[in-house]
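Descriptive structure summary
Listed below, chain by chain, are the residues.
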Amino acid sequence: MAWSGFGSVVHAVMRIGLGGFLLMVCCQLAVDGVLGLAWHAAFPEIGYLRLLGARMVRDAAATCLPFSQLGGIVIGIRATCSGHGLHGREARQVDLPEAACANLVDITTEVMGQVAFVLLGVAFLVAHQRNSPFVMPVIIGAVFLIVGTAGFIWTQRHGGSIFRRFGGMFTRSLASQWHDSVLNGADDLQERMEAVWGRPGRICASAAYHLVGWLGSAAMLWMTAGFLGASLSFPNAVAVEGVTCAIMSLGFLVPGSLGVQEGAYMALGHAFGIDSSVSLGLSLLRRGRELAIGIPVLLLWQFMEVRGLRTPSAKPMPKTEVGYVPASSVVKE
């Protein structure tokens, strides 16, 4: 910002106005709805509103909290397990293996859609500027992303048997009940993974929805650039957003992609003739949009968590040899 000039950056950001910023927020909520459909396509047995809420919590944790993408995944699993969704109604309990399986599969299908989006962005970048220095590194990165995604899918389908074979030596020092719990949990997770990946039609539908979501993010970039007075066509917006996503994927350990996103926008904006202050303004507006949605989502999620802790859990009924009997019929000694 100091290099671009604080005044020019602030002027570029303020040019969009409150109405334009609220329109960006509404468009992002629409994209979030598509991402919820992508998750629900792979896991129709879990309610759409629960998945949408967990997805928004996962994204908010990754973008608004000082965690890497891995921290967002852990919080997303917790939000999926929660007995109360963001819609505020009681829902069925989702256990830890099911929540972990759902989040891992959703992330995998999102990466599958992202690979197609990155390759489309590279194609548009080559069409615009064949000698761009970003083309070869991004293609190499996309190849590694494809190989990594294939390995991740293979691990999800066969990792349970590997853990069962070699996991015993790592859990041998645990207490016996924990040892059995870990191994049984791994078996449960593996069974769920095999059931999900045994439905390729749903996996492909989820990846297609994710691709639509990535194209929606490019449409928001194209719209925001127009508000800031930059001349950027939609194919060029796909190129900028696709290559930026590839660069941000390489820096997934950086909390919130701080600096990575800004550098990518400025470098790619220069390739398409966009002033550096406008490019930085695009990045700052994207962060502002994420904060405007993410902070209320995290606060609402914490409210639901606190309410769930304060809600007294139902006590199990006494069990006899033939089944359960009413508590009133139990005679105290």
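See the structure printed just above.
Residues numbered from 1 in each chain as written. Predicted model: local features only at pLDDT ≥ 70, side-chain atom pairs only at ≥ 80, totals over all residues. Heavy atoms only, no water.

1. Section: the overall build of the protein chain
Of regular secondary structure, the protein chain possesses 11 helices and zero strands. Along its sequence from the N terminus, the protein chain presents helices and strands in the succession α-α-α-α-α-α-α-α-α-α-α. Of all intrachain contacts in the protein chain linking residues separated by at least 6 positions in sequence, the fraction that spans at least 24 positions is 70%. In the form shown here, the protein chain has an accessible surface area of approximately 17200 Å², with 69% of it arising from carbon and sulfur atoms. (Helix = DSSP H or I, 4+ residues; strand = E, 2+ residues; numbered from the N terminus. Contact = heavy atoms within 4.5 Å. Areas by Shrake-Rupley, 256 points an atom, 1.4 Å probe, with all protein chains shown as cover.)

2. A closer look at the packing of helix α3 (residues 48-64) against helix α11 (residues 276-310)
As a packed pair, α3 and α11 sit with axes 9 Å apart at the nearest point and diverge in direction by 115°. Classified by chirality, the crossing of α11 by α3 is left-handed. Where α3 abuts α11, its residues M56, V57, A60, A61, T63 and C64 lie against E290, L291, I293, G294, I295, V297, L298 and W301. (Axes fitted to C-alpha atoms, helices over the stretch in contact; angles between N-to-C directions. Left-handed = near helix turned anticlockwise from the far one by under 90°.)

3. What about the packing of aromatic side chains?
A ring pair, where both rings are aromatic, is described by two values, the distance of the centres and the angle of the planes. Summed over all chains, the structure comprises two aromatic pairs. Between the aromatic rings of F117 and W214, the centroid separation amounts to 5.8 Å while the plane-to-plane angle is 15°, which identifies the pairing as stacked. Of this pair, F117 sits in helix α5 (residues 96-128) while W214 sits in helix α8 (residues 200-227), and the two are 97 residues apart along the sequence. Across the pair, W214 and F117 agree in class, each one buried. Ring geometry for W222 versus F234: centroids 6.3 Å apart, planes at 85°, classification edge-to-face. Note that W222 is positioned in helix α8 and F234 in helix α9 (residues 234-250), a separation of 12 residues in sequence. For W222, a relative accessible area of 43% gives the class partly exposed. Residue classification places F234 among the partly exposed positions, given a relative accessible area of 33%. Over the aromatic face of W39 sits the side chain of R58, whose NZ or CZ is 5.2 Å from the ring centroid. (Phe/Tyr/Trp six-rings, centres within 6.5 Å; stacked < 30°, edge-to-face > 60°. Buried < 20%, exposed > 50% of the residue type's maximum accessible area, 1.4 Å probe, protein only. Lys NZ or Arg CZ within 6 Å of the ring centre and 35° of its normal.)

4. Let's talk about the pattern of salt bridges
Going through the model one piece at a time under the given rule, you end up with 12 salt bridges. Linking R55 and E110 is a salt bridge whose minimum nitrogen-to-oxygen distance equals 2.9 Å. Here E110 lies in helix α5 and R55 lies in helix α3, a separation of 55 residues in the sequence. Classification of E110 as buried rests on a relative accessible area of 16%. Residue E241 is joined to R286 by a salt bridge in which the shortest nitrogen-to-oxygen separation is 3.0 Å. (Salt bridge = Lys/Arg side-chain N within 4 Å of Asp/Glu carboxyl O.)

5. Details of the packing of α8 against α11
For the pair α8 and α11, interaxial distance at closest approach is 11 Å and the crossing angle is 120°. Overall, the two elements α8 and α11 adopt an arrangement that is oblique. For the pair α8 and α11, the crossing hand works out as right-handed. In this structure, α8 uses M220, L221, T224 and A225 to contact α11, whose residues at the interface are L282, L285 and R289. (Parallel < 35°, antiparallel > 145°, perpendicular 65-115°, else oblique.)

6. Let's talk about helix α10 (residues 260-271)
The first and last C-alpha atoms of α10 sit 17 Å apart over 12 residues, in line with the 16 Å expected at 1.5 Å per residue. Packed against the buried residues of α10 are α5, α8, α9 and α11. Looking at the residues trailing α10, positive phi occurs at G273, about 75°. (Expected span 1.5 Å × (residues − 1).)

7. Details of the environment of M220
Mapped onto the fold, M220 is located in helix α8. Sequence separation between M220 and Q28 is 192 residues; the distance between their C-alpha atoms is 7.9 Å. If we skip the residues at most four places from it in the chain, M220 touches M24, C27, Q28, V31 and R289.

8. Some remarks on a nonpolar patch on the surface
There is a patch of nonpolar side chains on the surface, built from M136, I139, I140, V143, F144 and V147 and spanning about 590 Å² of accessible area. Here V147 shows up in helix α6 (residues 135-171). (Patch = residues over 30% accessible without salt bridge, like charges linked within 9 Å, V, L, I, M, F, W, Y side chains within 5 Å.)

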